[in-house]
Amino acid sequence: MFEFNTNYIHMRNFFIFIMVLFPVLTYSPQIESAKFMPMVKNFLPEIIMNWQTYACSQDSLGKLYFGGHGMIEFNGNEWIRHAVPGENIVRTIRCIGNRVYVGSYDEFGYFEPDATGRLSYHSLSRNLSSKILTDCEIWEILEIGKHILFYSYNNIFIYDGSKVSSLICGNKHTAGIFKTKGHILIQFEDGSLHQLSPDLNLSPVNSGKKFPIFQSVMEKSDGERYFMTVKGLFLFQKDKDSDIRDWSTAADNILERSLATDARILNDSLILVSTRRNGVLALNTDGKLMWLHNFRTGLCNNEVLSLFNDKDGNVWCSTDHGISLIYTSLPLTTLTPDITEPQIGVVNGIAKHNGKIYLATSQGCYSLDMKTMSLNEILNTADFMWHANVIDNHVFIGGSKLTILNNNHYNTYNHENTSITQSADKQYFYGTNYNGIRVYKAAHDGSFNESSGYMLPGLKATLHSVLEDYDGTLWATHIANGVFRIVLNHDKTKITERQFFPTLNSSNERRKISAVKLNRRVYLADADSLYSYSRETGEIHPYRKFCDDLPRIKQIKSISEVNSHKFWVATADGYYLIRYDGKHYSTEYEIPLKFFSIHNSGQNHNILIDNDDRVYFAATDGILLFNGDTGNDGDKGNNPVLSFARITTTGTPENEERLPIQPSNTPSVAGNITFNMTFVNYSNKKYKFKYSLKGNTSSVHISDDYVVSYGNLKPGKYIFTAELLDM
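Nothing here was measured: the structure is a model prediction, and the numbers come from that model.

1. Thoughts on the overall build of the chain
Thinking step 1. For the chain, the count of helices and strands is 2 helices and 66 strands.
Thinking step 2. Across the 727 residues of the chain, 56% fall into the buried class.
Thinking step 3. Accessible surface computed for the chain: about 31,300 Å², of which carbon and sulfur atoms make up 47%.

2. Quick look at the sheet that holds strand 41 (residues 419-422)
Thinking step 1. The strand order 41-42-43-44 describes an open sheet built from 4 strands, whose pairing is antiparallel. Because the sheet does not close on itself, it has two edges, and the strands there are strand 41 and strand 44 (454-455).

3. Observations regarding the nonpolar core
Thinking step 1. Counting residues in hydrophobic clusters, the biggest one holds 34 residues, and the most contacted among them are F66, W316, W568, I591 and F617.
Thinking step 2. The set of elements that each furnish at least two residues to this core consists of strand 6 (64-68), strand 7 (70-74), strand 31 (323-326), strand 54 (566-571), strand 55 (574-580), strand 56 (585-592), strand 58 (615-619) and strand 59 (622-626).
Thinking step 3. Among the elements that line this core, the one with the most residues is strand 58, at 3 residues.
Thinking step 4. Setting aside residues no more than four positions away along its own chain, W316 makes contact with F43, L64, F66, F74, S306, L307, F308, D310, I323, S324, L325 and Y682.
Thinking step 5. Membership of the second largest hydrophobic core comes to 21 residues, among which are F644, V669, I673 and A722.

4. As for the packing of aromatic side chains
Aromatic ring pairs are reported here in terms of the distance separating the ring centres and the angle at which the planes meet.
Thinking step 1. One pass over the full model with this rule turns up 45 aromatic pairs.
Thinking step 2. Joined through ring pairs, the aromatic side chains of Y523, Y543, F546, F567, Y580 and Y585 make up one cluster.
Thinking step 3. Sitting over the ring of Y110, R99 keeps its end group 3.9 Å from the ring centre.

5. Here we look at unusual backbone geometry
Thinking step 1. Unusually for a residue other than glycine, N267 sits at a positive phi of about 55°.
Thinking step 2. As for its position among the elements, N267 is in the loop between strand 25 (260-266) and strand 26 (270-275).
Thinking step 3. At M373, a position not held by glycine, the phi torsion is positive, near 60°.
Thinking step 4. Following the sequence through the fold, M373 ends up in the loop between strand 35 (364-369) and strand 36 (375-377).
Thinking step 5. Of the residues examined, M373 reaches a relative accessible area of 5% and is grouped as buried.

6. Remarks on the layout of surface pockets
Thinking step 1. If you add up the space inside the largest pocket, you get close to 1,300 Å³.
Thinking step 2. Contributing elements (two or more residues each) for the lining of the largest pocket: strand 5 (56-58), strand 9 (92-96), strand 13 (140-144), strand 17 (174-180), strand 21 (216-219), strand 25 and strand 29 (304-309).
Thinking step 3. Among the residues forming the lining of the largest pocket, the class breakdown is 23 nonpolar, 10 polar and 10 charged.

7. A look at the pairing of strand 6
Within a regular strand, the side chains alternate between the two sheet faces.
Thinking step 1. With 5 of 5 residues buried, strand 6 is to be regarded as a mostly interior element.
Thinking step 2. Of the two faces of strand 6, both are covered, the one formed by L64, F66 and G68 as well as the one formed by Y65 and G67.
Thinking step 3. Here strand 5 runs beside strand 6; their pairing, made up of 3 bridges, is antiparallel. By the bridge assignment for strand 6, Q58 is matched with L64.
Thinking step 4. Between strand 5 and strand 6, which pair antiparallel and follow one another directly, the connecting turn spans 5 residues, one of which, G62, has a positive phi of 100°.
Thinking step 5. Connecting strand 6 to the next strand, strand 7, in antiparallel fashion are 1 residue.

8. Regarding the sheet that holds strand 30 (residues 315-319)
Thinking step 1. A sheet is described by the order of its strands in space; here 4 strands give the open sequence 4-31-30-29, paired in antiparallel fashion. Looking at the sheet topology across the chains shown, the edges are occupied by strand 4 (40-43) and strand 29. Between one strand axis and the next, the sheet turns through 20° on average, direction left out of account.

9. Side note on the confidence of the model for the chain
Predicted coordinates in areas of low pLDDT are best not read in detail.
Thinking step 1. Per-residue pLDDT for the chain averages 85, and the proportion of residues at 70 or more is 89%.
Thinking step 2. Low pLDDT, under 50, characterises residues 7-32; the predicted model gives this stretch 102 contacts beyond four residues in sequence or across chains.
Thinking step 3. Segment residues 630-637 is flagged for pLDDT under 50; beyond a separation of four residues in sequence, or across chains, it makes 25 contacts in the model.

10. Observations concerning the pattern of salt bridges
Thinking step 1. The final tally for this structure, using the stated rule, is 26 salt bridges.
Thinking step 2. For D262, the salt bridge is made with R264, and the minimal N-O distance between the two is 2.9 Å.
Thinking step 3. Accessibility expressed as a relative area gives 28% for R264, which makes it partly exposed.
Thinking step 4. Shared partners join several salt bridges into a network, and the residues in it are K220, D222 and E224.

The rules behind these values
Counting restarts for each chain: residues are numbered from 1 in the order of the written sequence. Where totals are concerned, whole chains, interfaces and linings use all residues; where local detail is concerned, this predicted model gives features only for residues with pLDDT of at least 70, and gives and counts side-chain atom pairs only at 80 or more. Side-chain measures were taken over the full set of non-hydrogen atoms in the model, leaving aside hydrogen atoms and water. Secondary structure is summarised from DSSP: a helix means a run of H or I of at least four residues, a strand means a run of E of at least two, and numbering begins at the N terminus for each. Relative accessibility decides the category of a residue: with a 1.4 Å probe and only protein chains considered, values under 20% of the type maximum give buried, values over 50% give exposed, and everything between is partly exposed. Accessible areas in this description were obtained via Shrake-Rupley with a 1.4 Å probe; residue shielding takes into account the shown protein chains only. Strand pairing is assigned whenever DSSP detects at least two bridges linking the two strands. In this text, buried Ala, Val, Leu, Ile, Met, Phe, Trp, Tyr and Cys residues form a nonpolar core when linked through side-chain atoms within 4.5 Å. Contacts were defined at the residue level, with two residues in contact if any of their heavy atoms lie within 4.5 Å. For Phe, Tyr and Trp, rings pair up if their centres lie within 6.5 Å, where Trp contributes its six-membered ring, and each pair is then called stacked (planes under 30 degrees apart), edge-to-face (over 60) or tilted (otherwise). Remark: a charge is flagged as sitting over a ring if the NZ atom of Lys or the CZ atom of Arg is within 6 Å of the ring centre and within 35 degrees of the ring normal. Definitions used throughout: a 1 Å grid over protein atoms alone; a cavity as a set of points that fits a 1.4 Å probe which cannot get out; a pocket as an open set with protein on both sides within 12 Å along at least five of seven lines; a lining residue as one with an atom within 4 Å of a point. Grid points are joined across faces, edges and corners, and a volume is the space filled by probe spheres set on the points. Any residue that is not Ala, Val, Leu, Ile, Met, Phe, Trp, Tyr, Cys, Pro, Asp, Glu, Lys or Arg is counted as polar, Gly included; the first ten are nonpolar and the last four charged. Note on method: axes are straight lines fitted to C-alpha atoms, helices fitted across the in-contact stretch only, with angles between N-to-C directions ranging 0 to 180 degrees. Values of pLDDT, which run from 0 to 100, indicate the predictor's confidence residue by residue. The term salt bridge refers to a side-chain nitrogen of Lys or Arg lying within 4 Å of a carboxyl oxygen of Asp or Glu.

In structure tokens:
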């Protein structure tokens, strides 16, 4: 909040709390077959240009800083480049307190914000003698005790808060420096390890024994350490080992030829290794290879130079060309076929039966064995498939032909099928196609009987899907626009009532309409709203409770119920987990597909709710797995802070003055003031800002913009507040 008048400003801090985190996922351990892997988002901002990015660090507000052509700042919304003297590549960055320390060639120092929030650079190396600062590339910055270490292979510089000195290592050249609990490990070129204590005393480890040259050292909370070399890993288990030993893993062959560059441990359970040739590998602490992300699976480059675990539990990859974010914190993964397996195309429908997931895609139908994670094409289905559906232990796969799986036997029938559903009394099946509705009378045991099928007379239309309402009425959606309401006679051979609704609202524009089912009742949806049918008036009206509670959810394609008070909604731009408390609907979790450059196909049965709280979603290039707990009452996560990036006032357009963000003395305002807001937003969820100005001139408005300006303010006292709204 800011209180100000034309010569008075006062700010009060405020915080916006958004729940964002979920538990880390369990990943498929078989690298030789299809697997579910964490989602990836790539960043190629213009300010990076064609430069490599190296290190990454995060400050207390969640902002990220990368090394590259200068220091690159990212707050989730905008990228800002800060120049470093010499214009050499910044190889290392470390946020400590309110400072961002950086190191490059023959240059190191720190950035610190001034009162207005602007970062300014302070060199610590500028006045050093050329005798100790010659040909020094700073590769690492570490904090130990009250000291900051700047590491190069030629020297180690120590900053105590007032002066810089050099750590004396005798005549030995160093090969690496690593941070462990309370200590620093320094490795020399001969392979020996030494430990640097907080009081800067250097002592040998294991009596000066020689080890392979390490690239990275990781330590778990129990003291177990992992040492990474260019071609493999070593292990030291505190309670088992007297020495560092070779650690054999399932990824040894891959590491041998991939040239490791960096490594991190995530949540004491997942070891991440970046490589020059093959992206990022993830192993569990038993040495099993959990997943491998590279250029083929979504990273912006195979050459990953460094890794960073952010405060949300995600992994940032600094690469040879761009920055990749691996969402290891999200309960969401994507199916990635092995390079030897079929690339399945757009998934239109999903079903599960007897331990296998069936995928109806634009290229055919595939089965995914959940035990072996093998992906196989189903014979004689190489065509566009509309849906996959399980009814009474039968798997129905619809396309230009109808394929039915029963007791591991496939039967294919030469008539097209775009959807199929079963009547509530289980006596009939209704299938849609390009010519109308085909009705099948069930066999005596209630099973599907294809030979009993017949086309329903009196309806010839290209239909997309059909659903049976709670009273037996059928709702059949046209493949392009409009919806039919159909009432049949008792033996389902004739239409007794038929209504066609070309549109669901007052406009005359015909639109594609979806039919969805919630609590046994059928609702209709178009691009704008969700609607219900009134039996009393024979009219369609917006479902007001749903629309008022969830105004942002539009273009609904399907609904899948979890239980009596929770359901998933698939829309054109995302998937939403909705809770109903008996009075109101609310969004419990959101998956914004556009953020990951994917979308659902909008076909039938594109959400599969498994019986082990796993939820599968159809997408344009595969399927997504949500592995969260749908039974909890809310999201868990860190609490991002909405804050002021900068505040400026102008008397004339040429005369702009930045104001203190946290002023001790309240400055004057020249009648015009601009607030630039910022908050960390790496999930790219859609938010809006609510800006309020109260005083002689008052206003309240909601905006997508991070910047708000007020001009020609009348003299007087004002209060400005900003709120972050979850949209």
